[in-house]
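Spelled out from the first residue to the last, the chains are:
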Amino acid sequence: MADPPDFCDVTSFSRIRKTVMAKAKRIAQQPRDIADCIGAYLQEGDLDGVVSMFHPNCHVFFPPDQPPGIGLIGAREVFNGFMETRPAIKSEIISEVIVGDIALTSANWSVVAPDGAVLAKGQSTEVATRLENGGWGYLIDCPNGIPQLA
């Protein structure tokens, strides 16, 4: 079981993790399945479902010009802005390397509003790991590729 991030209230962290994992309806059987699960949850407007696809100590580097969203709270903040529009995610996996319970993936992706407008797109790099439920989830999510050194 992962420890809460240093900045997180332990009670809030535990409550969020229990809520998220209890509501998980989908389990990514392979790392390449994570984006499809997130896309289904987005279209349903299910923010807890989206967050269930992330490791409790995840770092989400989106938007690329902002500090990363850290942990489940950070993942929630990153995806909250997409909930009202219920967009579709189109993801094409380019590569996937799995070593034990860790995986590295890359994909071309886009987030498309119901009216067809592209809300965001990029080429991602992710590190995925096994979650408590036995499925896969993102530990490091870089939707626009690995951030450049400052």
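Higher on the page you've got the structure.
Figured I'd write up the structure that's included with this text. (Residues numbered from 1 in each chain as written. Predicted model: local features only at pLDDT ≥ 70, side-chain atom pairs only at ≥ 80, totals over all residues. Heavy atoms only, no water.)

1. What to know about helix α2 (residues 34–44)
Then step 1. Most of α2 sits out of view: eight of its eleven residues are buried.
Then step 2. Listed in full, the buried residues belonging to α2 are Ile34, Ala35, Cys37, Ile38, Gly39, Ala40, Tyr41 and Leu42.
Then step 3. Contacts made by the buried residues of α2 are with α3 (47–51), β1 (54–60), α4 (71–80), β3 (88–99), β5 (118–130) and β6 (136–142).
Then step 4. Positive phi shows up at glycine 45, right after α2, with a value of about 70°. (Buried < 20%, exposed > 50% of the residue type's maximum accessible area, 1.4 Å probe, protein only. Helix = DSSP H or I, 4+ residues; strand = E, 2+ residues; numbered from the N terminus. Contact = heavy atoms within 4.5 Å.)

2. With respect to the nonpolar core
Then step 1. Membership of the largest hydrophobic core comes to 28 residues, with the highest contact counts inside it found for Ile34, Ile38, Val50, Met53, Phe54 and Phe79.
Then step 2. When contributions to this core are tallied by element, the ones reaching two or more residues are α2, α3, β1, α4, β4 (102–112), β5 and β6.
Then step 3. Once you skip the residues sitting within four places of it in the chain, isoleucine 34 turns out to touch Ala28, Met53, Ala128, Trp136, Gly137 and Tyr138. (Core = buried A, V, L, I, M, F, W, Y, C linked by side-chain atoms within 4.5 Å.)

3. Things to note about the pairing of β1
Then step 1. Summarising burial for β1: five of the seven residues are buried, a large majority.
Then step 2. As judged from the three bridges shared by β1 and β6, these two strands associate in the parallel manner. Note that in β6 the partner of phenylalanine 54 across the bridge is tyrosine 138.
Then step 3. Here β1 runs beside strand β2 (residues 69–70); their pairing, made up of two bridges, is antiparallel. (Pairing = 2+ DSSP bridges.)

4. Some points on unusual backbone geometry
Outside of glycine, negative phi angles account for most residues, and trans bonds account for most peptide bonds.
Then step 1. Put simply, phenylalanine 62 and proline 63 share a cis peptide bond, and its omega is -5°.
Then step 2. Of note, proline 63 is situated in the loop between β1 and β2.
Then step 3. The phi dihedral of arginine 86 falls on the positive side, at around 50°, and the residue is not glycine.
Then step 4. In this structure, arginine 86 sits in the loop between α4 and β3.

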